[in-house]
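A closer look at the structure
Spelled out, the chains give:
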Amino acid sequence: MLVCCTSAPPNHVTTAELRGGDYRLIVDDRPTLRLLRVDDELVRFERDGLRLGLAAPVDDVTNYDPYRLFVPSGLYRPPVESTFVEVESATFVPSEAGSLRLELRYPEGRTATLDAQVGGDGRFALSFIPRDGAADVAYLDARARADADEGFYGLGEMSDDVNQRGKVRAMQIEVETTNESGYNDGHAPVPLVIGTRGWGMFVETRLPAAFALATEEPTLVEAAVGVGTRAREGIALHLFGAEHPLDVPRRYFDVTGLPGLPARWALGPWVWRDENDDQAQVEADLDALRDLDLATTGYWLDRPYASGVNTFDFEPKRFPDPQGMLDKARALGLRTALWHVPYLDTKDPSTAPLVAEAKSKGFYPTQHGIALNPWGTLLDLTNPAAVAWWQDQLSSYIAMGIDGFKLDYAEDIVLGPTANRVAWSFFDGSDERTQHSEFQLRYHRTYAELLPESGGFLLTRAARWGDHVHGMVMWPGDLDATFAKRNDAMKDGDTSYVATGGFPASLVCGLTLSTVGYPFYGADTGGYRHAPPDNELFSRWFEQTALSTVMQVGTNTNDVAWEPTPKNGFDTALLERYRAYARLHLRLFPYLWTHAERVRLDGRPIMRALGLAHPELGVHPNDIYLLGDDLLVAPVVTRGATSREVLFPAGRWVHWFTGEVFDGDVLGGAAVTVAAPIGRLPLFLRAGGLVPMLRPSIDTLSPTSEPSRVDSYATDSGLLYVRGVARISGAFTLFDGGRLAAHTKDSVTELEVLGGTELAQGAVFELLDADAPTTVEASAPVTQRGDVAEVAAKGGYLYDAKARSLHVLVRPNAPVKVRWP
């Protein structure tokens, strides 16, 4: 709603206010804008908050890359130096009901308008458009002032730090000559910044942009957009307010759309090889997964598998019966996916007919830059006919039963390293200045439209804002098979290099992506560059990916857990560890999928950096996070370490594997050293949380025609296994509507299960940090059993004095009471 302007005598301030729930946007004609939660100011824009960047004359051949305003490069030499001017005065002018408008006056007669309106509770939409003198405007610059001590999250996938304070971030790929990759690895930039006091700013543009966060002043958050000849179109800004920073993404989804969900089985574990020898090897892998009892939901074939890129077939000599191979996978409860790219290899005779057809029908861009791939120019997916033709080619794979795709490359459309445009021209009239961002959405939509509405599998390494609606799983590209952080100085034999980043970088990538609408993330477990991983690295990596949203396992040296080599040093102990962690990941499906569906309701990411989830701690570690509401994960990311320091939020936290108790209230934010030998991930359960899991023998979620060999959720959803902490009250509502609860009063805990539409058979509760109960009773006293399997089969309970844990079977609508001493 709009609270009307408050007029004032000459030389005094006129103020207007917009309200969205408990949030207010107060605007005056000095001008300043202030976003408040009730009376608490979250962020403000002062007189220099909306600047014009002048670069007369603005032309159509210059690359107006705003990143180079903050990070100069010897390659980038603009023809004209830029000058930024700020507002001299402002006046309220008539506007539509429920909105307000300011006319902004700048030096030399230049003007702009600022329009503001309420988008919803805690959501305000601003439009900043140059008017008089716009022909000289090359950049638009928004400068917000925030708290000097808060953390800044968001801005898409980053690999060096979860907290963006002190950083300059490009919203497009940029050359970075010191790094081994040669660029900033900006695969998924998103122009949304989130302050840990509970505010956000989204710059809704496809044009080149850059953010500088407290690089000039500790309170200054700056976003510059290279509008070039499009200044008169202006830019849209959105300001968000929320009670907690984890709730800001939901405001963003109100503007850009809700995250799509992949298929349930897309959460993995997945297994793949970088190069498959032939069909025999694939089928041997499928058998190995089941014969070795390795929980797995999917297997994808990376290249090469086809006759060429892309011939939309399987190479006959190496894959004589691809349908039989896919049918075998399906029989074993495994879904299959294929690596794919939006190119046709122009040098391969096998693709020549398709290349000729694409050229004759105008399916390529009419002007293009350098192909940053081995095959040729990408298809013009702004052309609906080209999209339909490409989907028609892909349909042969879908008909065979392919369930998804790993979508690689397609990052050819870049601004370029110099001040001269690397010009592209597309069917719809657009060029590289917007398609560097928009093309990814078109690419992913082309494949997503072929998958079931219930969800499929799209694994992508690139994305932009708004792409999250396609329900992709993100992977961070080719990370190092090392413990290196990004930009560490490293050696591989006699070769020195500056690291893209290995296992520690993977954590940062996943946590930064989750903040901006990409909750499903799976890195190449073990790394890619400089592979193979050794025993220690591979073990530490799969310990962590098991406690992430998506577990996918593969390297560019084709390492799988059951194949030791002299270089990787794998052994039977590693295979046993891998078996345990792969199964733990799959068992966590009810917990993970419930949180996945909640993302569409409350917007909260599933993987949550500790500093974003608990800003009251005042720290922003890159290697501690929450998985959902109730699990705290602190992976070991340092070679040779057998312990690590952990920070605990308020409340009691119980070690998942040892039962050791840590009290965050007592620790008061102090770190504590926790033992972490290989095979024991520092993983902690919040007292009061309930974590539902599938049975210990589960192999897959998909149907199988070999139930004696494969234990599938599709065959029998089975009992739940629910882990909690003794003498605590808590509840968990499952994705299927079922509910688990523990109610403690005095010395009695009542355990209850309300069955849902799928998980309706009851649950075995496991309560940690438990004393021996006095009695366990339902309608009558309950019998103590000899082991957990007997509890699950016959009912009753089991108390393990050494582990200090209590297992109790609870049937639906039949509460069980535990009396404590």
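Rules and cut-offs
- Residues numbered from 1 in each chain as written.
- Predicted model: local features only at pLDDT ≥ 70, side-chain atom pairs only at ≥ 80, totals over all residues.
- Heavy atoms only, no water.
- Helix = DSSP H or I, 4+ residues; strand = E, 2+ residues; numbered from the N terminus.
- Rg over C-alpha atoms; globule rule 2.2 N^0.38 Å.
- Buried < 20%, exposed > 50% of the residue type's maximum accessible area, 1.4 Å probe, protein only.
- Contact = heavy atoms within 4.5 Å.
- Areas by Shrake-Rupley, 256 points an atom, 1.4 Å probe, with all protein chains shown as cover.
- Pairing = 2+ DSSP bridges.
- Axes fitted to C-alpha atoms, helices over the stretch in contact; angles between N-to-C directions.
- Parallel < 35°, antiparallel > 145°, perpendicular 65-115°, else oblique.
- Nonpolar A, V, L, I, M, F, W, Y, C, P; charged D, E, K, R; others polar.
- Salt bridge = Lys/Arg side-chain N within 4 Å of Asp/Glu carboxyl O.
- Polar contact = N/O pair within 3.5 Å; in protein donor to acceptor, adjacent residues only side chain to side chain.
- Expected span 1.5 Å × (residues − 1).
- pLDDT = per-residue confidence, 0-100.
- Left-handed = near helix turned anticlockwise from the far one by under 90°.
- Phe/Tyr/Trp six-rings, centres within 6.5 Å; stacked < 30°, edge-to-face > 60°.
- Core = buried A, V, L, I, M, F, W, Y, C linked by side-chain atoms within 4.5 Å.

In terms of helices and strands, the protein chain carries 14 helices and 47 strands. Radius of gyration (C-alpha) of the protein chain: 28 Å, near the 28 Å computed for a compact globule of 821 residues. In terms of its C-alpha atoms, the protein chain occupies a principal-axis envelope of roughly 85 × 70 × 50 Å. Residues classed as buried in the protein chain amount to 61% of the 821 residues present. Across the protein chain, contacts joining residues at least 24 apart in sequence account for 69% of those joining residues at least 6 apart. Of the roughly 28500 Å² of accessible surface on the protein chain, 50% is carried by carbon and sulfur atoms.

Attention now goes to the pairing of strand S5 (residues 40-45). In the sheet, strand S4 (residues 32-37) pairs with S5 via 5 bridges, with the strands oriented antiparallel. From the neighbouring strand, arginine 34 faces S5, where its bridge partner is arginine 44. Counted between consecutive antiparallel strands, the loop separating S4 from S5 contains 2 residues, among which valine 38 sits at a positive phi close to 55 degrees.

Let's shift gears to the packing of helix H3 (residues 279-291) against helix H4 (residues 322-331). Look at H3 against H4: their axes get within 10 Å of each other, and the N-to-C directions meet at 10 degrees. The orientation of H3 with respect to H4, classified from their angle, is roughly parallel. Contact residues: H3 offers Gln279, Val282, Glu283, Leu286 and Asp287, while H4 offers Pro322, Gly324, Met325, Lys328 and Ala329. Partitioning the contact of H3 with H4 into residue classes produces 5 nonpolar, 2 polar and 3 charged.

With that settled, consider the pattern of salt bridges. In the structure shown here, the tally under the stated rule is 69 salt bridges. The shortest N-O distance in the salt bridge between aspartate 403 and arginine 330 comes to 2.8 Å. Of this pair, aspartate 403 sits in the loop between helix H6 (384-400) and strand S23 (404-407) while arginine 330 sits in helix H4, and the two are 73 residues apart along the sequence. Taken together, the shared-partner salt bridges connect Asp48, Arg51, Asp141, Arg143, Arg145, Glu216, Glu217 and Glu222 into one network.

As a further point, take the side chain of arginine 68. By the element assignment, arginine 68 lies in helix H1 (residues 67-70). In this structure the side chain of arginine 68 is engaged in a polar contact, spanning 3.0 Å, whose partner is the backbone oxygen of valine 71. Look past the residues within four positions of arginine 68 in its chain and what remains in contact with it is Ser73, Tyr76, Glu174 and Val175.

The end-to-end C-alpha distance of helix H11 (residues 589-602), which contains 14 residues, comes to 19 Å, matching closely the 20 Å that a straight helix rising 1.5 Å per residue would cover. When we look at burial in H11, the residues that qualify are Phe589, Pro590, Tyr591, Leu592, Trp593, Thr594, His595, Ala596 and Val599. Looking one or two residues beyond H11, the residue adopting positive phi is glycine 603, at roughly 80 degrees.

The strand order across the open sheet built from 6 strands is S30-S31-S32-S37-S34-S35, with neighbouring strands paired in antiparallel fashion. The open sheet has two edge strands, strand S30 (607-609) and strand S35 (661-663), and neither has a second partner. Each strand axis lies, on average, 30 degrees off the axis of its neighbour in the sheet, ignoring direction.

This part is about unusual backbone geometry. Here valine 309 and asparagine 310 are connected by a cis peptide whose omega angle stands at 0 degrees. Of note, asparagine 310 is situated in the loop between strand S21 (298-301) and H4. Alanine 531 connects to proline 532 through a cis peptide bond whose omega is 10 degrees. Secondary-structure assignment places proline 532 in the loop between strand S28 (524-525) and helix H9 (535-545). With phi around 50 degrees, aspartate 185 is a residue other than glycine that occupies positive phi space. Considering the arrangement of structural elements, one finds aspartate 185 in the loop between strand S14 (168-170) and strand S15 (189-195).

A separate point is the confidence of the model for the protein chain. The predicted model of the protein chain averages 96 in pLDDT, with 99% of residues at 70 or higher. Note that residues 1-10 has pLDDT below 50 and, in this model, 23 contacts with residues that lie over four places away or in other chains.

In this section: the packing of H6 against helix H7 (residues 432-448). Where H6 meets H7, the axes come as close as 10 Å, and the angle between the chain directions of the two elements is 45 degrees. Taken together, the axes of H6 and H7 are oblique relative to one another. Considering the relative orientation of H6 and H7, their crossing is right-handed. From H6, Val387, Trp390, Gln391 and Leu394 reach across to H7, where they touch Arg445, Thr446 and Tyr447.

Moving on, we come to the packing of aromatic side chains. Taken as a whole and assessed by the stated rule, the structure comprises 39 aromatic pairs. Between tyrosine 252 and phenylalanine 253, the aromatic rings sit 5.8 Å apart at their centres with planes inclined by 50 degrees, giving tilted as the arrangement. Looking at tyrosine 252, the relative accessible area reads 0%, which means it is buried. Its relative accessible area of 3% is what places phenylalanine 253 among the buried residues.

Another point: the nonpolar core. In terms of nonpolar packing, the biggest core is built from 187 residues, with Tyr397, Leu547 and Leu631 touching the most fellow members. If you tally residues by element for this core, the top one is helix H10 (residues 572-587), at 7 residues. Those residues in contact with tyrosine 397 that sit more than four places away from it in its chain are Tyr305, Ala306, Phe312, Asp313, Phe314, Leu338, His340, Ile402 and Phe405. Residues Tyr23, Leu50, Val227 and Ala231 belong to the second largest nonpolar core, which totals 53 residues.

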